[in-house]
Structure formats: C-alpha cells, structure tokens
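Chain by chain, the residues:
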Amino acid sequence: MTEPTVTPPVGPPIPAGDPSVVPSPAGVDVTVAAGLELKIRSQWSYARNRFLRHRLAVLALFLLIGIFLVGAFANYIAPYSYSAIDFNNLLIGPTTRAQHYFGTDELGRDYFSRVIWGIRTSEEVGIFVAVVSSIIGLVVGAIAGYYRGWLDNVLMRVTDLVLTLPALAILLVLEALFGGASQWRTSLILAGFFWTGLARIVRGIFLSLREKEYVEAAKASGAGDMRIMFRHILPNTMGPVIVNGTLAVAAAILVEAALSFLGFGIKPPTPSLGVLVADGETNPQAWWITVFPGLTIVLIVLCVNFVGDGLRDALDPTQRRVRA
Amino acid sequence: MLTYITRRILYSIPVLIVSTFLSFVAVSYGGDPLGTLRIQRGISQHTLHLLYIQYHLNKPVPVRYWYWVQDAVEHKFGNSLITLQPIWPDVTRTMGHTLQVVLTAELLAMVIGIVIGIISAIRQYSIFDYVSTSVSFLGFAMPVFWLALLLQILFVDIYLHWNIRIFYTSGLNSPGQYATWSLDRLQHIALPVVTLALISFAVYSRYMRASMLDVLNTDYVRTARAKGLPEWRVIMGHVFRNALIPITTVAALNIGAVFGGAIITEQVFTLDGIGFYFLRSLGSLDIYAVMAYLTLTAIAIILFNLIADILYGFLDPRIRYD
C-alpha cells in the first residue's frame with residue numbers, strides 16, 4: 001500500500017459550507033481504516049487539474065512568465081540602456097551587428113533593449129492596475145452586497161455611472177489633466193476605471209451567500225460581520241476575482257499602450273510599449289520601430305487572455321467563455 | 001412598455017447631470033482654460049481680463065457649470081475658449097465624417113462577423129472554426145493604433161516602392177475634392193474602416209458563435225429536426241433568428257468601444273472626425289469643446305443602451321418590462 005496522504009489540504013481556504021469538500025483529517029483515518037485508498041483533494045487541486053488540462057493556457061502561462069521575467073530583469077538582460085545612443089548605427093533595420101536585433105531608431109537607440117524595458121513598464125502597469133482595481137472591486141462589491149440598503153444603492157449607481165461613461169475619452173481627459181506623465185499616476189487612474197465589472201460580480205455572490213444557512217449558523221454562533229465577510233463569504237469570490245484580475249492585466253496593458261501612444265499616458269523617455277509604437281508613426285519607412293513593440297503587446301495580451309480563459313474554465317466553470 | 005421607456009429616460013437624466021458635472025469639475029481644475037491664449041502674441045492683459053469676466057471664469061466651479069449647462073442647451077455648447085468660434089459647426093462637420101467611417105465599419109464587421117460566427121458554430125471544431133477563432137483572438141489582443149499604423153506603413157511603402165496608390169493613408173479627400181460619397185473618399189476612408197471593422201469583427205463573430213451554439217442545444221431545435229425539417233430550414237428559421245437577439249445588446253454595448261477606437265484611428269489617419277477634434281481640443285485644453293464631446297458621447301452611449309434594451313424586449317417575448 002502506498003503511503004496514505006494524511007496531510008490535510010493546505011493553503012487556500014476551503015469554501016465554507018460546500019458539502020462536496022470534506023476537509024477533516026478524521027475522514028482520512030476512516031477511509032484508511034476501511035482499506036480504501038482515497039486521495040483527498042481540495043477544490044484547488046481540482047481547479048489545478050482542470051487548468052493543466054488546458055494545454056494552450058499552460059503554454060501561454062509559461063510564455064507569459066518568461067516574458068515577464070525578461071521584463072523584470074531588464075537591467076540584466078537588455079544589451080543597452082533604453083536611452084543609450086549608438087552613433088555608428090542610426091536607423092538601421094534588424095541585424096545581429098552590435099546586438100541590434102530589433103534595429104535602431106534615428107537617434108541610434110537599440111530597439112531590442114527598448115522593447116525589453118517597455119515590457120517592464122507594461123507589466124508593472126498591468127499588474128498594479130489589476131491588483132488595485134481588484135481590491136476596489138472586492139471592497140465595493142462586498143459592502144454593497146452584504147449591507148444592502150441605501151449603501152448598496154449608492155455604490156451600484158456609482159458603478160453604473162462609471163460603466164456608462166465613454167471610457168477612453170474620460171481616461172484621456174483625466175490623464176491629460178492629472179496624469180502628469182507619471183507611470184504610477186497613470187496606473188492609478190486606470191485602476192479607478194477597471195473595478196466596476198468585478199464589483200458587480202462580487203456583489204452578486206455576497207447577495208446570494210448572505211442568505212445561506214451556513215452564514216446564518218455562523219451568525220447564530222456569534223460571528224461578527226467582519227468574520228462572516230472575510231472568513232465565510234470572501235473565499236467563495238476568489239474564482240471570479242482571479243479570473244477578472246488576470247483579464248484586467250491584459251486590458252490595462254492595452255489601454256495604457258493606447259493612452260501612451262496618443263501622448264496622454266506615460267511619456268518619453270520612459271519606454272512604454274505604446275510610446276515605442278508612437279515613435280514608429282514618425283518613421284513609416286522604418287517598419288521595425290512599429291512592428292516589434294506592437295508584436296510584443298499582442299503576444300503579452302494574447303498570453304494573458306489564454307491564461308485568463310484557462311483560469312475561468314478551471315475556477316469558475318459556470319461562467320460562459322465569451323469575452324468582449 | 002411606455003412607462004418603462006419613460007422611467008429609463010427619467011433615470012438617465014441624473015446620470016447625465018452627474019457625469020457632465022464631474023467632467024466639468026475635472027476639466028475646470030485641470031489647468032488654466034485661457035493658458036493657450038495667454039502665450040499668444042498680441043493679446044493684451046485687458047482682453048484676457050474681459051474674456052475672464054465674459055466667460056465667468058472668476059466664478060466658482062458649480063456656478064460656472066450652471067452657466068455651461070445654459071450655454072449648452074441654448075447655444076449648442078457655445079463658443080470655444082481658444083478660437084472664440086462657435087463649437088457646434090465643428091462638431092456637426094466632424095461628427096458627419098466619423099459617422100460615415102464608423103457606420104460603414106460597423107456594418108461591415110457585423111455582416112462578416114455574423115456570417116463567420118454562424119459557419120463556425122455549425123462546423124464547430126472544424127479547421128474553419130479554429131482559423132476564425134484564432135483570428136478573433138488576435139483581434140482581441142491587437143491594439144487598434146498598432147493595426148492602423150501597420151496598414152498605414154504597408155500602403156505608404158507600396159506607394160513609395162511601386163508608385164501605386166491603392167488607398168490613401170491620411171485625410172478625407174484629395175485636394176479639390178469634397179464629395180461625401182466618391183471613389184476618392186472611399187480610397188481615403190478604406191483603411192480607417194478596415195481597422196475599426198477588424199476590431200469589431202472579433203467581438204461579433206465570437207458572440208454570434210456562442211449564441212448560435214446556445215440555440216443549437218435547445219429543445220425546440222431538436223424538435224424541429226425530429227419533425228423532419230431540412231437542416232437549412234432549421235438553421236435559418238429556428239436557430240439563426242433566435243441567435244441574433246443577443247447580438248443587438250452586443251452591438252449597443254460596443255458603441256463606447258467604437259467611439260474610443262475612432263479617436264485612435266482618426267488620430268493615426270489624420271481624419272477630420274469627432275475623435276480627432278476631441279484630441280486636438282484636449283491637447284490645447286479647449287475645455288468647452290472637450291465638454292461638448294464628452295456630453296455627446298455620453299448621450300449616445302445612454303441612448304444606445306436604451307434602444308438595445310427596448311429592442312431586446314421586442315425581439316424576445318420572454319423578456320417583460322413593467
């Protein structure tokens with residue numbers, strides 16, 4: 001007999017009140033005693049298996065990790081600084097000479113290095129926006145769904161308002177007036193626009209779960225609001241939160257690139273991928289200036305979207321697989 | 001139904017007021033509205049001061065908002081603070097150009113997207129399905145500005161290398177031509193239209209495919225097949241028509257994205273559209289022109305959402321509004 005798995009499922013919280021999960025170690029003893037080899041699986045291990053079955057998503061995840069690592073270690077990997085000037089090689093196409101794999105611009109700046117530094121900016125923006133907007137969405141959705149009443153009304157009207165605004169135009173206005181060309185301000189403004197979808201989903205989950213018997217039981221045994229929210233309901237929202245957060249990374253990278261391209265987001269000399277593409281606008285003959293940064297954006301966004309879809313199938317099987 | 005429409009319209013009025021007020025506060029505190037005028041030569045302090053008084057810039061922002069609302073309603077958004085010219089003629093002219101491009105692109109995207117969505121749903125997991133799925137995933141990941149720029153580079157290079165002018169890459173008309181519908185205009189708007197259409201196409205084809213698959217799995221389709229209808233009649237009469245219903249919502253919700261895409265596309269192709277006008281106004285902090293754009297797009301989005309909901313009620317009798 002193989003070694004029985006006696007360790008209880010570790011790590012992520014188990015959704016309370018879900019009858020399909022039997023987390024108690026006592027259960028192991030019973031099954032072992034009955035001579036059954038049962039592997040205890042948490043919801044997360046089911047989810048992991050479902051995700052791993054999604055070949056494309058796994059591939060995209062590895063590719064994405066690779067790209068993000070390259071960006072994170074840009075200072076070690078990039079052959080040049082993003083602003084270093086090579087007077088001997090002005091505006092040359094992709095070549096192996098002097099490591100100008102992606103060519104140079106009219107100032108002799110190496111585009112391979114600039115793209116790597118650009119990845120760093122984009123991933124910072126994407127992850128920051130995803131984390132901050134997820135937190136805002138969680139808090140707003142939880143408060144609205146748990147307390148209901150006038151607070152719910154006000155918060156949901158605000159959500160509706162943000163959803164009905166012409167997003168890109170408003171973002172352009174805010175970036176033009178308050179962005180100050182700073183990466184973090186730009187990200188913060190983006191985060192202020194990205195939380196609405198998640199807030200609605202989280203509110204829905206809170207609304208339905210707060211009526212469940214297990215929450216009532218927790219209340220009866222004296223649990224306070226905070227404990228019920230954090231311990232009993234919040235873990236059940238983790239699936240949608242993770243999926244939404246992942247897809248928000250892609251959306252944020254795309255929107256940031258568009259804003260920076262138009263000259264209202266991150267501004268040169270900070271090398272954002274959108275800024276790099278914008279440089280190509282003035283050089284229609286030098287196709288490499290446009291093609292490589294843009295291709296990088298497409299690759300990152302494609303990978304994030306595939307990972308997000310894989311996560312959705314794994315964590316949130318009830319949701320439909322269509323994305324706008 | 002009528003009460004529903006009335007209630008929705010009444011409800012959208014405060015939304016509009018709040019959103020315009022917030023926009024107004026943002027643009028008012030964002031910078032000096034007369035900044036661009038100040039650095040021009042030949043404008044005396046006295047003139048600036050008179051403008052200041054005339055446009056109530058010395059009043060607090062909520063008061064100025066009230067003046068702006070009056071101006072917007074009575075004088076069609078009033079005058080620009082930078083050019084001192086009325087805003088409305090600019091808005092109608094540029095809006096006309098934008099609508100021409102955007103509507104052509106949407107029509108193209110919708111027709112092609114729906115047809116391809118139908119075929120990939122009927123032939124699910126075929127090679128055609130995989131190819132169209134890949135194209136639409138690419139469409140989701142593709143930045144609009146990059147696509148526009150690539151097309152521009154391609155056609156500029158074709159012109160420079162072989163001296164063939166297939167499509168123009170900037171502007172609306174060649175010098176001396178003004179026709180709204182002409183070959184010259186079509187050559188000019190072709191690339192912006194293709195750019196916008198490719199982006200929207202991804203949305204339509206994906207939703208149409210999913211919607212078709214939903215309907216294909218319903219009981220009434222099985223019944224239709226069981227009673228011996230030929231497959232094309234099942235598809236056209238039973239599946240296609242019902243699968244179209246959710247697309248109306250998608251089309252309406254897409255309007256915001258289309259306006260956003262138009263800003264970028266018009267900028268790349270220097271098209272005299274409303275998005276280009278908005279960007280220019282924003283660049284020079286022409287706050288009343290910016291407000292005009294924001295208000296009009298907000299109204300458009302609210303209106304389209306309303307139309308979609310009403311249309312949905314008509315098309316799907318299971319939906320009831322009381």
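Residues numbered from 1 in each chain as written. Chains lettered and ligands numbered in written order. Predicted model: local features only at pLDDT ≥ 70, side-chain atom pairs only at ≥ 80, totals over all residues.

Focus: the overall build of chain B
So, point 1. Within chain B one finds 13 helices and zero strands.
So, point 2. Along chain B, from the amino end to the carboxyl end, the secondary structure elements read α-α-α-α-α-α-α-α-α-α-α-α-α.
So, point 3. Judged by the C-alpha coordinates and their principal axes, chain B covers about 85 × 65 × 35 Å.
So, point 4. For chain B, the proportion of its 322 residues judged to be buried stands at 36%.
So, point 5. In chain B, the proportion of contacts linking residues at least 24 apart, taken out of those at least 6 apart, comes to 73%. (Helix = DSSP H or I, 4+ residues; strand = E, 2+ residues; numbered from the N terminus. Buried ≥ 20, exposed ≤ 12 C-beta atoms within 10 Å, placed from the backbone. Contact = placed C-beta atoms within 7 Å.)

Here we look at the overall build of chain A
So, point 1. The secondary structure content of chain A amounts to 14 helices and zero strands.
So, point 2. Mapped from its N terminus to its C terminus, chain A presents α and β elements in the order α-α-α-α-α-α-α-α-α-α-α-α-α-α.
So, point 3. Burial status across chain A gives 44% buried among its 324 residues.
So, point 4. Long-range pairs, those at least 24 residues apart, make up 69% of the contacts in chain A with a sequence separation of at least 6.

Some words on the packing of helix H5 (residues 111-147) of chain A against helix H9 (residues 196-209) of chain A
All names here are of chain A.
So, point 1. For the pair H5 and H9, interaxial distance at closest approach is 7 Å and the crossing angle is 35 degrees. In this structure, the crossing between H5 and H9 has a hand that is right-handed. When H5 is examined against H9, the residues Ser134, Gly137, Leu138, Val140, Gly141, Ala142, Ala144, Gly145 and Tyr146 are found in contact with a partner set consisting of Leu198, Ala199, Arg200, Ile201, Val202, Arg203, Gly204, Ile205, Phe206 and Leu207.
So, point 2. For the contact of H5 with H9, the class distribution of residues is twelve nonpolar, five polar and two charged. (Axes fitted to C-alpha atoms, helices over the stretch in contact; angles between N-to-C directions. Left-handed = near helix turned anticlockwise from the far one by under 90°. Nonpolar A, V, L, I, M, F, W, Y, C, P; charged D, E, K, R; others polar.)

Quick notes on the confidence of the model for chain A
Residues and elements named next belong to chain A.
So, point 1. When pLDDT is averaged along chain A, the result is 81, and 85% of the positions lie at 70 or above.
So, point 2. Across chain A, H5 holds the top mean pLDDT of 92, while helix H1 (residues 25-33) sits lowest at 53.
So, point 3. Per-residue pLDDT stays below 50 along residues 1-24; that stretch engages in 32 contacts with residues further than four places along the chain or on separate chains.
So, point 4. Counted against residues more than four places away or in other chains, residues 320-324, with its pLDDT under 50, gives eight contacts. (pLDDT = per-residue confidence, 0-100.)

Examining the interface of chain B and chain A
So, point 1. Residue-level contacts link 41 residues of chain B with 34 residues of chain A.
So, point 2. Put simply, the parts of the chain that give the side of chain B that touches chain A at least two residues each are helix H1 (2-29), helix H6 (127-141), helix H7 (144-162), helix H8 (183-216), helix H11 (245-268), helix H12 (274-283) and helix H13 (287-315) of chain B.
So, point 3. Of all the elements, H7(B) adds the most residues to the side of chain B that touches chain A, at eight residues.
So, point 4. Considering only residue class, the side of chain B that touches chain A consists of 31 nonpolar, nine polar and one charged.

Focus on the environment of Gln40(B)
Residue and element names in this part refer to chain B.
So, point 1. Residue position: Gln40 is located in the loop between helix H2 (35-38) and helix H3 (45-54).
So, point 2. Classification of Gln40 by C-beta neighbours within 10 Å gives exposed; the count is 10.
So, point 3. A C-alpha to C-alpha distance of 43 Å links Gln40 and Ala252, two positions 212 residues apart in sequence.

Some points on the packing of helix H3 (residues 55-72) of chain A against helix H14 (residues 287-315) of chain A
Residue and element names in this part refer to chain A.
So, point 1. H14 packs onto H3 with a crossing angle of 135 degrees between their chain directions and a minimal axis gap of 8 Å. The angle between the axes of H3 and H14 places the two elements in the oblique class. Considering how the two elements wind past one another, H3 and H14 form a crossing that is left-handed. From H3, Leu56, Ala57, Ala60, Leu61, Leu63, Leu64 and Ile67 reach across to H14, where they touch Leu299, Ile300, Cys303, Val304, Phe306, Val307, Asp309 and Gly310.
So, point 2. Broken down by class, the residue content of the contact of H3 with H14 amounts to 13 nonpolar, one polar and one charged. (Parallel < 35°, antiparallel > 145°, perpendicular 65-115°, else oblique.)

Observations concerning H12(B)
So, point 1. Within H12(B), eight of the ten residues are buried, which leaves it mostly tucked inside the rest of the structure.
So, point 2. Taken residue by residue, H12(B) has Ile274(B), Gly275(B), Phe276(B), Tyr277(B), Phe278(B), Leu279(B), Ser281(B) and Leu282(B) as its buried positions.
So, point 3. For H12(B), the elements touching its buried residues are helix H7 (167-179) of chain A together with helix H5 (88-122), H11 and H13 of chain B.
So, point 4. Immediately downstream of H12(B), the backbone of Leu285(B) shows phi near 55 degrees, a positive value.

With respect to the environment of Asn89(A)
All names here are of chain A.
So, point 1. Tracing the backbone shows Asn89 in the loop between helix H4 (74-77) and H5.
So, point 2. The exposure class of Asn89 is partly exposed, given the 16 C-beta atoms found within 10 Å.
So, point 3. Residues contacting Asn89, with those up to four places away along its chain left out, are Ala98, His100, Thr104 and Gly108.

Details of the environment of Ser133(A)
Residue and element names in this part refer to chain A.
So, point 1. For Ser133, the position within the fold is in helix H5.
So, point 2. Sequence separation between Ser133 and Leu168 is 35 residues; the distance between their C-alpha atoms is 17 Å.
So, point 3. The residues touching Ser133, leaving out its near neighbours within four places in the chain, are Ala191, Phe194, Trp195 and Ala248.

Structural notes on unusual backbone geometry
Residue and element names in this part refer to chain B.
So, point 1. Positive phi is not limited to glycine here, since Lys76 has a value of about 50 degrees.
So, point 2. Checked against the element boundaries, Lys76 lands in the loop between helix H4 (61-75) and H5.
So, point 3. The backbone of Thr270 shows a phi angle near 35 degrees, a positive value even though the residue is not glycine.
So, point 4. Look at Thr270 and you get exposed, because 12 C-beta atoms sit within 10 Å.

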